[in-house]
Amino acid sequence: MTRRYRFMVCARADDAGCPILPHPVPEAVVGEIEWCADASAARARARVNRDLEAVWVVDCASVDPINLAAALKADHPRLTVFLAVSDKTGSMASRVRAAGIEDAVPLEKFADHVAGYVAKRRASDSDAVVQVTSEALEAAPQRAASRAGFVLSVMSGGGGVGKSTVATLAARLGAQRGLRTALVDGDLQFGDLAELAGSCARVPIEEAAGDATCLGEVEGEPLVLVSAPRSLEQSEVVATGFKEMIDELSARFDLVVVNTGGSWSDQHLALLERSAAALLLVDQRASSIRACRHALDLCLRCGVATGSLLVAVNRCTRQASFTSIDVSSALNGMHVVELADGGPVVEELLGAGMADRLVEDRNPLCLSIEKVLDELLPSASRRTGVQASVARFSLRPGRPHRRKTERKKAERRLAAKAAAEESGGRP
């Protein structure tokens, strides 16, 4: 029978199979630790070992250490995860906090940290979380006090699915709830939120990425747009400071909505690490669903946790080609929500910079996005009372519950499609 270890260290191994560590772990605790050199092996062991309590990520051959630590934490929220770092900078601390990782441990203190943690857990069989050092105890209240804002990314596997529209309306709805909201145009080459967002405070992204102090001037505004670069050639310069800018925004605002470009890059993966939730959009094209699958596969190959992703199928009507059930089946059972088609008025009003008018008129698309926000945002930021109950159960005031009816219609529609294919396309 395979031994179940309570502790695991992820670190590269030398040719003899011995872990490469900055300082050797004391012999007294070595026998209680499982060693993994590969990211896939570490995640596999964490899935099958229910006794595993804590993991230290030092280094691995195939994945960036913080990506592996974030993936382990997303896979197993109850697991205690520590990240060993060579330089504990403010940016690194923000990334660790955004991923939910317990702490970043300096490499020079790594061996003592492991030995102390294992010794204290060995001395006590209680389920209480043991803080290892006095430094960690002092830092805990500071981390709680400086809680980062909620980062919501809007992504897709390709272009033309409605990311800019959804991001703009989500930011407007967030501000309507009383959240200090920042809307970031992360499509650094062809972003157009400056034309869609309407009247609000604005900061050019090249200024925000270059000098975060300019954000202090608009920090008190209900909605702030961080607009795309004025010129295309500035996009590469902005990209170098993009991650730090998101960290700074999340520290200053309650809600940060980030629109992205259709072509994936390192920026998308880094943004996923910082996002409390990410909305992955598809539309009514089969190519859009295939592109979504490619994006999910890329995340898995790169070791980026996908637990924060929520797939949404856009432009849904009664005559639409795909429903949430169809898309969920194509994505191996992932949870999928539907965004209603708001009609031609959406494009007309957004093109005129009147996004606030769409929100005020309770457009069907806005109502759909509002339900998604109810599902994603922390409970303190959700609607309360009757409206919250209505959104939670997908009901409208004064109308009967129609979930079972809609499910039966979807099943009949799928059966009709299958029958049509068997008969060679004849109705």
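Bear in mind the structure is a predicted one, so any value in this text is a computation, not a measurement.

Calculation rules
- Residues numbered from 1 in each chain as written.
- Predicted model: local features only at pLDDT ≥ 70, side-chain atom pairs only at ≥ 80, totals over all residues.
- Heavy atoms only, no water.
- pLDDT = per-residue confidence, 0-100.
- Helix = DSSP H or I, 4+ residues; strand = E, 2+ residues; numbered from the N terminus.
- Contact = heavy atoms within 4.5 Å.
- Pairing = 2+ DSSP bridges.
- Axes fitted to C-alpha atoms, helices over the stretch in contact; angles between N-to-C directions.
- Parallel < 35°, antiparallel > 145°, perpendicular 65-115°, else oblique.
- Left-handed = near helix turned anticlockwise from the far one by under 90°.
- Nonpolar A, V, L, I, M, F, W, Y, C, P; charged D, E, K, R; others polar.
- Salt bridge = Lys/Arg side-chain N within 4 Å of Asp/Glu carboxyl O.
- Buried < 20%, exposed > 50% of the residue type's maximum accessible area, 1.4 Å probe, protein only.

Segments scoring low in pLDDT should not have their predicted coordinates read at a detailed level. Per-residue pLDDT for the protein has a mean of 81; in total, 81% of the residues score no lower than 70. Within the protein, strand β10 (residues 255–260) carries the highest mean pLDDT (96), whereas helix α18 (residues 386–392) carries the lowest (36). Contacts from residues 125–147, a stretch scored under 50 in pLDDT, to residues over four places away or in other chains number 20 contacts.

Residue position: Ala 71 is located in helix α3 (residues 65–75). Not counting residues within four places of it along the chain, the set of residues in contact with Ala 71 comprises Arg 43, Gly 303 and Ala 305.

Across the sheet, which stays open at both edges, the 5 strands sit in the order β2-β1-β3-β4-β5 with parallel pairing between neighbours. With one partner strand each, in any of the chains shown, β2 (33–36) and β5 (103–106) form the two edges of the open sheet. Geometrically, the sheet is characterised by an average inter-axis angle of 25° between neighbouring strands, direction not taken into account. Alignment of strand β1 (residues 7–10) against strand β3 (residues 54–57), held across 4 bridges, turns out to be parallel. Each residue of the ladder has a partner; that of Met 8, found in β3, is Val 55. Across the sheet, helix α2 (residues 39–48) lies against β1 and β2, angled at about 145° from β2, the strand it touches most. Running at roughly 175° to strand β4 (residues 80–85), α3 makes contact with β1, β3 and β4 of the sheet.

This part takes up the packing of helix α7 (residues 163–176) against helix α17 (residues 364–376). Between α7 and α17, the least distance of the axes is 10 Å, while the angle of their chain directions is 65°. Accordingly, the angle class assigned to the pair α7 and α17 is roughly perpendicular. Note that α7 runs across α17; the crossing there is right-handed. Between α7, through Thr 165, Val 166, Leu 169, Ala 170, Leu 173, Gly 174 and Gln 176, and α17, the contact on the second element is made entirely by Leu 365, Cys 366, Ile 369, Glu 370 and Leu 373. In terms of residue class, the contact of α7 with α17 is built from 8 nonpolar, 3 polar and 1 charged.

Under the counting rule described, the total for this entry stands at 17 salt bridges. Glu 34 is the salt-bridge partner of Arg 45, the closest N and O atoms lying 2.8 Å from each other. With Arg 45 in helix α2 and Glu 34 in strand β2, this residue pair connects regions lying 11 residues apart in the sequence. The salt bridge partner of Glu 273 is Arg 95, with a shortest N-O separation of 2.4 Å. One end of the pair, Glu 273, is in helix α12 (residues 266–274); the other, Arg 95, is in helix α4 (residues 90–99), with 178 residues separating them in the sequence. With respect to burial, Glu 273 and Arg 95 carry one shared label: buried. A cluster of three or more residues bridged by salt bridges with shared partners is formed by Glu 206, Glu 207 and Arg 230.

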